[in-house]
Amino acid sequence: MDMMEFLRTRRTYRRFAQRPVEPEILRESVDAARIASCGANRQTLKYVVVQSPEAVAAVQPLVHWAAYLPQEQGTPKADETPTAFIAVLQDETLPGGSDVDTGLALGSLTAAAWAHGVGSCIMGAIDRPALGKLLALPDKMRLCYMVALGYPAHESHLVTMENGSVKYYLDPARDYCVPKRGMDEVLIKTV
Ligand SMILES: Cc1cc2nc3c(=O)[nH]c(=O)nc-3n(C[C@H](O)[C@H](O)[C@H](O)COP(=O)(O)O)c2cc1C
């Protein structure tokens, strides 16, 4: 797959086949995040891999899916749930964390997973206090995001944006359609 095709298909996935992601792939995804570029090379992020079926099941009710869709469309059903999660934590004992660093780490993590066909959903709408307790996170480890992972059970297509709407929707096959602004809108000029 060439790089642009990789980037076009490395989308958000929200329904998954019920087969586990190999632990080595989860570990490699964290490794990819670990070596991401970051301001002043400060490396303030830490990770928790959630892969046991019991722990994964306990996380499910603490994450919230697809705000643009009715719950029955956007929330995975019991046989569609992600089979792993990775928690991304800010280690507040280390100086200099930034949202840009977190974004770059998330980009590398999800790309490394997608290179193995593992789809993901970066999740910010999460119950941080409950997840902190469930994962027994130490003090000074601030939970930033959960990343849901699994082998996708649907496709996701980039579509032309209409009437300026950024809202994704499902097509009749229940595949995601994700509007993106066109190049003519985002590339202001070349000088
Ligand atoms: C910082 C961030 C937080 C997100 N939080 C959630 C979330 O809580 N729940 C969810 O279902 N999707 C979440 N998403 C996925 C976005 O909705 C998705 O990236 C967006 O709709 C565009 O789709 P695409 O990733 O396929 O381009 C999040 C994505 C990012 C980057």
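Calculation notes
Residues numbered from 1 in each chain as written. Predicted model: local features only at pLDDT ≥ 70, side-chain atom pairs only at ≥ 80, totals over all residues. Heavy atoms only, no water. Pairing = 2+ DSSP bridges. Helix = DSSP H or I, 4+ residues; strand = E, 2+ residues; numbered from the N terminus. Buried < 20%, exposed > 50% of the residue type's maximum accessible area, 1.4 Å probe, protein only. Contact = heavy atoms within 4.5 Å. Polar contact = N/O pair within 3.5 Å; in protein donor to acceptor, adjacent residues only side chain to side chain. Near = heavy atom within 4 Å. Areas by Shrake-Rupley, 256 points an atom, 1.4 Å probe, with all protein chains shown as cover. Axes fitted to C-alpha atoms, helices over the stretch in contact; angles between N-to-C directions.

Undergrad: Can you walk me through the sheet that holds strand β5 (residues 156-160) in this structure?
TA: Paired through their backbone hydrogen bonds, the strands of a sheet run either parallel or antiparallel. Sheet architecture is open: three strands sit in the order β5-β7-β6, paired in mixed fashion. Unpaired on one side and paired on the other, β5 and β6 (169-170) mark the two borders of the sheet. As paired strands, β5 and strand β7 (residues 176-180) are joined by five bridges and run parallel to one another. Within β7, the residue paired with Leu158 across the bridge is Val178.

Undergrad: Could you clarify how one ought to interpret the environment of Arg15 in this entry?
TA: You can see Arg15 is positioned in the loop between α1 (3-9) and α2 (23-34). With relative accessibility at 4%, the residue Arg15 sits in the buried group. Sequence separation of Arg15 and Gly39 is 24 residues, and the distance between their C-alpha atoms is 34 Å. Setting aside its immediate chain neighbours within four residues, Arg15 contacts Glu80, Tyr151, Pro152, Ala153, His154, Leu170, Arg174 and Tyr176. A distance of 2.7 Å separates a polar atom in the side chain of Arg15 from the backbone oxygen of Arg174.

Undergrad: Can you help me understand the site of the ligand in this one?
TA: The full set close to the ligand counts 15 residues, and Arg11, Thr12, Ala66, Ala125 and Lys180 are the nearest of them. Gly124 is positioned with one of its backbone polar atoms (N or O) 3.0 Å from a nitrogen atom of the ligand. Separating an oxygen atom of the ligand from a backbone N or O atom of Ala125 is a distance of 2.8 Å. Its free accessible area being 610 Å², the ligand has 72% of it covered by the protein chains. Elements that contribute at least two residues to the shell around the ligand include exactly β3 (119-123) and β7.

Undergrad: What is the right way to look at the sheet that holds strand β4 (residues 141-150) in this model?
TA: Sheet architecture is open: four strands sit in the order β1-β2-β4-β3, paired in antiparallel fashion. At either end of the open sheet lies a strand with only one pairing partner, and these are β1 (45-50) and β3. Sheet twist, expressed as the mean angle between neighbouring strand axes with direction ignored, is 25°. Of the pairings in the sheet, the one linking β1 to strand β2 (residues 84-91) comprises six bridges and is antiparallel in character. Bridged to Lys46 within β2 is Leu89. Where α2 meets the sheet, its contacts fall on β1, β2 and β4, and the angle it forms with β1 comes to roughly 170°. Contacts from helix α5 (residues 99-114) reach β1, β2, β3 and β4, with the element oriented near 20° to β4.

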